[in-house]
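Observations on the model geometry
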Amino acid sequence: MAQLSLWLLGSFRVTLDGEPVTDFATHNARALLAYLSVESDRPHRRDALAGLLWPHDSRKNALRSLRQALYQLRQAIGDRDGTELTGVEQEPSGLFLLVSRHTIQFNAQSDHWLDVATFSGLAEECRRHRHRRRGACLPCLRRMRDMVALYQGEFLEHFSGGDSRLFEEWVMLEREWLHREAMEALICLADYHERRGDVDRARRYARRQVEMEPWREEAHRQLMRLLALDGQRSAALAQYKACRQALAQEL
């Protein structure tokens, strides 16, 4: 069975055995895959999915659009079209989508990789790990380093929900949570490396904070301090001006 890989942190991207999957016939087929893959812990009723993605259509038209999007999605990712489940005991592990007459679910046991799931798993491991201080825990710092590497941009960046306010709200909630986790990881990593005197790494993590939140004054101050420590006085002054400008614009 081919491996399906999904990147939702940053631009939407899908590969099947390393080859890009680009032949999604419609935008909503991509939206359906994104939603199902992130919310894979349970089956979703067709009525609910139709209402999520086609909220302004009649129930009949929305369900028809869902069937079409599902067909397009299964074609794109290589699932056997037309296979429907009649019982949990018959779930085929080779399918990416578990489809029944009333529900659709992304198969969490299939051969797939999802950046959001990996990111969330690392964040959860940090929360569960017993340590005196997260910012000084080497195993958690390694996890946070991996989280930051995975975080290539905002969740579903530049991905429109079309005319569905409900889908946009779901994206926004996921985006805010993932953004917050990434920022907390960056703050811990920057502080850790500054304490150790690793100015280059600390500066890199501080700069990413500024890129993600231009109004974050603490990150600007840390970046100025690190530039000054590295003897880059002019760059530190330029960063001060950039901070003033960003605060004026954002606040």
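Everything that follows concerns the structure shown earlier in this document.
As the structure is a computational prediction, the values presented were derived from the model and not from experiment. (Residues numbered from 1 in each chain as written. Predicted model: local features only at pLDDT ≥ 70, side-chain atom pairs only at ≥ 80, totals over all residues. Heavy atoms only, no water.)

**Overview of the environment of Leu-237**
The topology assignment puts Leu-237 in helix 9 (residues 233-250). Distance in space between the C-alpha atoms of Leu-237 and Val-210 is 15 Å, their sequence separation being 27 residues. (Helix = DSSP H or I, 4+ residues; strand = E, 2+ residues; numbered from the N terminus.)

**Looking at the state of the cysteines**
A complete count under the given rule lists zero disulfides for this structure. For the unlinked cysteine Cys-126, the closest cysteine sulfur is that of Cys-140, found at 4.1 Å. With no disulfide partner, Cys-137 has as its closest neighbouring cysteine sulfur the one in Cys-140, 3.7 Å distant. Judged by relative accessible area, Cys-137 falls into the buried class, the value being 6%. (Disulfide = S-S within 2.5 Å. Buried < 20%, exposed > 50% of the residue type's maximum accessible area, 1.4 Å probe, protein only.)

**Side note on helix 5 (residues 138-150)**
The end-to-end C-alpha distance of helix 5, which contains 13 residues, comes to 18 Å, matching closely the 18 Å that a straight helix rising 1.5 Å per residue would cover. The set of residues buried in helix 5 consists of Cys-140, Leu-141, Arg-143, Met-144, Met-147, Val-148 and Leu-150. In this fold, the buried residues of helix 5 make contact with strand 7 (112-114), helix 4 (115-128), helix 6 (165-195) and helix 7 (199-212). (Expected span 1.5 Å × (residues − 1). Contact = heavy atoms within 4.5 Å.)

**Overview of the layout of surface pockets**
Empty space left among the atoms is revealed by rolling a probe the size of a water molecule over them. A volume near 210 Å³ is recorded for the largest pocket. Together, Leu-138, Leu-141, Arg-142, Arg-145, Leu-189, Tyr-192, His-193, Arg-196, Asp-198, Arg-201, Arg-204 and Tyr-205 line the largest pocket. Of all the secondary-structure elements, those providing two or more residues to the lining of the largest pocket are helix 5, helix 6 and helix 7. Among the elements that take part in the lining of the largest pocket, helix 5 stands out by supplying four residues, more than any other. By volume, the second largest pocket amounts to about 150 Å³. Lining the second largest pocket, in full, are Arg-45, Arg-46, Asp-47, Arg-59, Leu-63, Leu-66, Arg-67, Arg-101 and His-102. When residues of the lining of the second largest pocket are traced back to their parent elements, those giving at least two are helix 2 (46-53) and helix 3 (59-77). Counting residues per element, the lining of the second largest pocket draws most heavily on helix 3, at four residues. (1 Å grid on protein atoms, 1.4 Å probe; cavity = no way out; pocket = protein on both sides within 12 Å on 5 of 7 lines; lining within 4 Å. Points joined across faces, edges and corners; volume = space filled by probe spheres on them.)

**Quick notes on the side chain of Asn-107**
As for its position among the elements, Asn-107 is in the loop between strand 6 (103-106) and strand 7. You can call Asn-107 buried: its relative accessible area is 4%. Among the polar contacts made by the side chain of Asn-107, one reaches the main-chain carbonyl oxygen of Leu-95 at a distance of 2.9 Å. (Polar contact = N/O pair within 3.5 Å; in protein donor to acceptor, adjacent residues only side chain to side chain.)

**Considerations on the sheet that holds strand 6**
An order of 4-6-5 is seen for the three strands of this open sheet, with the pairing classed as antiparallel. The open sheet has two free edges, formed respectively by strand 4 (44-45) and strand 5 (97-99), since each of these has just one partner strand. Two strands pair when backbone bridges link them, and strand 4 and strand 6 are joined in this way by two bridges, in the antiparallel orientation. Residue pairing across strands places His-44 opposite Ile-104, the latter belonging to strand 6. Across the sheet, helix 1 (residues 27-38) is in contact with strand 4, strand 5 and strand 6; its angle to strand 6 comes to roughly 70°. (Pairing = 2+ DSSP bridges. Axes fitted to C-alpha atoms, helices over the stretch in contact; angles between N-to-C directions.)

None of the figures reported here should be taken as evidence of function without further support.
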